[in-house]
Amino acid sequence: MENQTILIGIDGATFSILDPLMDEGVMPFLRQFIASGVRAELLSIVPPITPPAWTSLMTGRSPGHHGVFDFFLKESPDSHNIRFASSHDVGCETIWSIVSRHGMRVTSLNFPLMFPPPRINGNVVSGGWVPWRQLRLGCHPPDLYDRLKALPGFNARELAMDAAHEEKAVEGCQPEEYEDWIEHHIRREQQWFDILRYLMREDPCELTALLFDGVDKIQHLCWRFLDPAYLNERPSPWEQPIRDLSLQYFRQLDQLLADIADLTNPDATIIMASDHGFGAQSETFFVNTWLEQNGYLAWANEASPRQTDSTKLGMSQLARHVYLLDWERTMAYAPTPSSNGIHIVTAGRGSEKGVSPADYGRFRAELIESLRQVTSPTTGEPVVSHIWTREEAFEGPHMELAPDLTLALWDGGLVSILASDDVVKPRPEPSGTHRPEGVFMAAGPGVRQGVSLPHLSIMDVAPMVLHSLGLAIPGDMEGCVPTGAFEPPWLQACPVRATAPAKPSEPTAPQATVEIVYTEEEEAELAARLRALGYIE
Amino acid sequence: MKKTREEVMADVLDLFRQLADDWEYSGEIMPKTLLFTDIGLRSLDVVVLAVSIQEHYGRVLPFADLFAAMGQHGVQDISMGEWVDFVYEHLNETLVLSAVEGSGAAR
């Protein structure tokens, strides 16, 4: 194998946590790795959340071009319905596919938006919101799942996602659940490493990539036990073990990173990156409640229960807006708490109600101005620190599916979509939430040593991966190879080459033309059954 | 290739039976089997299975409309037979899924 590149994703990693942990000796390998290479802050995209950010990292394109804006997507520009975002929605070629079509082999483990798995030359285990019951379908090639199942310690229930379990990361959990929850992620990262090690030994690939996503989850729930600014000088008997276990997670992660480096050729390039950074969220902005109080939104049932818990964002309420809202009287709404996006109901786009196209600009400007007036009861300062229109944030062929407005809150937090009596409520304890500033670290042939670079874009990672494998960079990639990361003589010998725009990958879905045959009786029976489901009137 | 309702049922049952071993579900999966009550699936399982069905047929199917309608009408469960009805109803009318990754073909 002439070239080998290892890409390690660390979901949500931020130097504000990693630096103190390296200084305290919790992550000695990472400290040594950075000394042997380069580091930089890696600026995420808008919004800095997992699905669009990892998709930007995998494609080198912005969300308006790759088409992924959130965990869920609108069914169509005219629809109020949202659906699970899948690999079918990724509108640009990924590095897995590009490397694969150049005749190299690829292993891609636990990256989101890779379900169903692309049929590349190599191995894929889909990540993201793939439940354990469907993990077999998330594996490529088809026999991979059975091979993994035979590995000692394989446990699909822990390896894949459990939605109810994962919700705890953002919505919180009971004090007695913290330890089990952190230990779950310690075991989970070990399993992903075991799979990586098996595949690196059995099927060495030019590009091997693994996403560790426990950092994001631990930081969401345990931020106050990690951020030095929030550490209690005199931790309670309950707090100390949680802090210790959180550190144990990072200590183990550091060891796994060291073990991956040991499995790698000495002349390989190793790149580590996160999809976004992290910080504290101290308040909750109930955006749909604010829209309601200002006459932009109406609940279908005015007596619907109000949220009294200031920590709840509504992760379990996803997609329920479709029947919780009164569409005759709603002009703007936030369907998910994950993207901080507001959609404007526009007349003529699937409904006669809503804002007329002629009034759209005025209405949107009024909404922006009103949102800027919302203030925190705690600080008296504006709650919304920045508002992007979709033309500003999502320019590209898929912009029509994006939220009309995307909010950044003063504390970097996520909005709540639930009904509440108060628009803004302080949280009893700060929780972790996303920030745009993620991490980039790299070492390998030609990479400078001990250098801290100015910030890079998350879209620069894909070109760097391709360049490390000797491949030209597709002309339509928005990111570029961070040339400052390399020694000038090496870069002269291995210059960055551009090529034609990336192409859609080879069709991977079955192309069978399916023609359905049914009789009149079958049609009548069908209609009756679908009516019973509420699907047709 | 023409697909009858029986063939769609066979396809979907085959997919579920393939996965049932992993679920350690020992009951027989039949048209009247309820996805939530009998098999123990959760909402996200059903959503992901919908994506797999689309992958299998290379078709975009309006599952989001089905799930929204179920929620709106308080329908708590769906049987294999009803699931197949929905797939069968829409297979002939929906968009071809021309590529899985690289085209944004699901829209």
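Residues numbered from 1 in each chain as written. Chains lettered and ligands numbered in written order. Predicted model: local features only at pLDDT ≥ 70, side-chain atom pairs only at ≥ 80, totals over all residues. Heavy atoms only, no water.

(A) Expanded view of the overall build of chain A. Along its length, chain A carries 18 helices and 21 strands. Per-residue burial over chain A gives 62% buried out of 537 residues. Sequence-distant contacts in chain A: of pairs separated by 6 or more residues, those separated by 24 or more amount to 72%. Of the roughly 19,900 Å² of accessible surface on chain A, a fraction of 50% belongs to carbon and sulfur atoms. (Helix = DSSP H or I, 4+ residues; strand = E, 2+ residues; numbered from the N terminus. Buried < 20%, exposed > 50% of the residue type's maximum accessible area, 1.4 Å probe, protein only. Contact = heavy atoms within 4.5 Å. Areas by Shrake-Rupley, 256 points an atom, 1.4 Å probe, with all protein chains shown as cover.)

(B) Region of interest: the overall build of chain B. The helix and strand tally for chain B stands at four helices and one strand. When the elements of chain B are put in sequence order from the N terminus, they spell out β-α-α-α-α. Across the 107 residues that make up chain B, the buried fraction comes to 62%. When contacts within chain B are restricted to residue pairs at least 6 apart in sequence, those whose partners lie at least 24 apart make up 64%. Of the roughly 4,200 Å² of accessible surface on chain B, a fraction of 49% belongs to carbon and sulfur atoms.

(C) Looking closely at the side chain of Q134 of chain A. As for its position among the elements, Q134 of chain A is in the loop between strand 6 (122-126) and strand 7 (139-140). For Q134 of chain A, the contacting residues outside a window of four places in its chain are F115 of chain A together with W23, D45, V48 and L49 of chain B.

(D) Expanded view of the confidence of the model for chain A. All names here are of chain A. Of all residues in chain A, 88% have pLDDT values of 70 or greater, and the mean over the chain is 89. Scored below 50 in pLDDT, residues 505-516 shows 44 contacts in the model against residues more than four places distant or in partner chains. Overall, residues 533-537 carries pLDDT values under 50, and its contacts beyond four positions in sequence, including any with other chains, amount to 21 contacts. (pLDDT = per-residue confidence, 0-100.)

(E) The nonpolar core, seen in detail. Grouped together as the largest cluster of nonpolar side chains are 109 residues, with contacts concentrated most on L18, F250, M272 and M441 of chain A together with F16 and W83 of chain B. The element that contributes the greatest number of residues to this core is helix 9 (residues 178-202) of chain A, accounting for 11 residues. Counting 45 residues, the second-largest nonpolar core is a separate cluster that includes L42, L57, I120 and L207 of chain A. (Core = buried A, V, L, I, M, F, W, Y, C linked by side-chain atoms within 4.5 Å.)

(F) Region of the structure containing the confidence of the model for chain B. Residues and elements named next belong to chain B. Scored by pLDDT, chain B has a mean of 81; 84% of the residues are at 70 or more. The least confident element of chain B is strand 1 (residues 2-4), whose mean pLDDT is 79; the most confident is helix 4 (residues 80-91), at 89. Throughout residues 98-103 the model reports pLDDT below 50, and contacts reaching past four residues in sequence, or to other chains, amount to 32 contacts.

(G) Structural view of the packing of helix 9 of chain A against helix 10 (residues 214-222) of chain A. All names here are of chain A. In contact at an axis separation of 10 Å, helix 9 and helix 10 are set at 165 degrees when each is read in the N-to-C sense. Classified by the interaxial angle, the pair formed by helix 9 and helix 10 is roughly antiparallel. Of the two elements, helix 9 crosses helix 10, and the hand of that crossing is left-handed. Mapping the contact onto sequence places Y178, W181, I182, H185 and E189 in helix 9 and G214, V215, K217, I218, L221 and C222 in helix 10. Among the residues forming the contact of helix 9 with helix 10, the class breakdown is seven nonpolar, two polar and two charged. (Axes fitted to C-alpha atoms, helices over the stretch in contact; angles between N-to-C directions. Parallel < 35°, antiparallel > 145°, perpendicular 65-115°, else oblique. Left-handed = near helix turned anticlockwise from the far one by under 90°. Nonpolar A, V, L, I, M, F, W, Y, C, P; charged D, E, K, R; others polar.)

(H) Highlighting the packing of aromatic side chains. On inspection of all chains with the given rule, the structure shows 21 aromatic pairs over all chains. Through pairs of rings, three or more aromatic residues link up here, namely F63, F67, W83 and F86 of chain B. Between R39 of chain A and the ring centre of F15 of chain A, over which it is positioned, the NZ or CZ distance is 3.8 Å. (Phe/Tyr/Trp six-rings, centres within 6.5 Å; stacked < 30°, edge-to-face > 60°. Lys NZ or Arg CZ within 6 Å of the ring centre and 35° of its normal.)

(I) View of empty space enclosed by the protein. All names here are of chain A. For the coordinates displayed, the defined rule picks out five cavities of 30 Å³ or more. What lines the largest cavity is a set of 13 residues, among which D70, F72, K74, H343 and P403 lie closest to the centre. When residues in the lining of the largest cavity are grouped by element, the largest group, three residues, is from strand 3 (residues 72-74). The residue makeup of the lining of the largest cavity, split by class, is eight nonpolar, three polar and two charged. (1 Å grid on protein atoms, 1.4 Å probe; cavity = no way out; pocket = protein on both sides within 12 Å on 5 of 7 lines; lining within 4 Å. Points joined across faces, edges and corners; volume = space filled by probe spheres on them.)

(J) The sheet that holds strand 14 (residues 405-409) of chain A, seen in detail. Residues and elements named next belong to chain A. Pairing is antiparallel in the open sheet, where four strands are placed in the order 11-12-14-13. If you trace the sheet from one side to the other, it starts and ends with strand 11 (332-333) and strand 13 (384-389), each paired once. Sheet topology note: the strand 11/strand 12 (residues 341-344) ladder contains two bridges and is antiparallel. Within strand 12, the position partnered with Y333 by the bridge is H343. (Pairing = 2+ DSSP bridges.)

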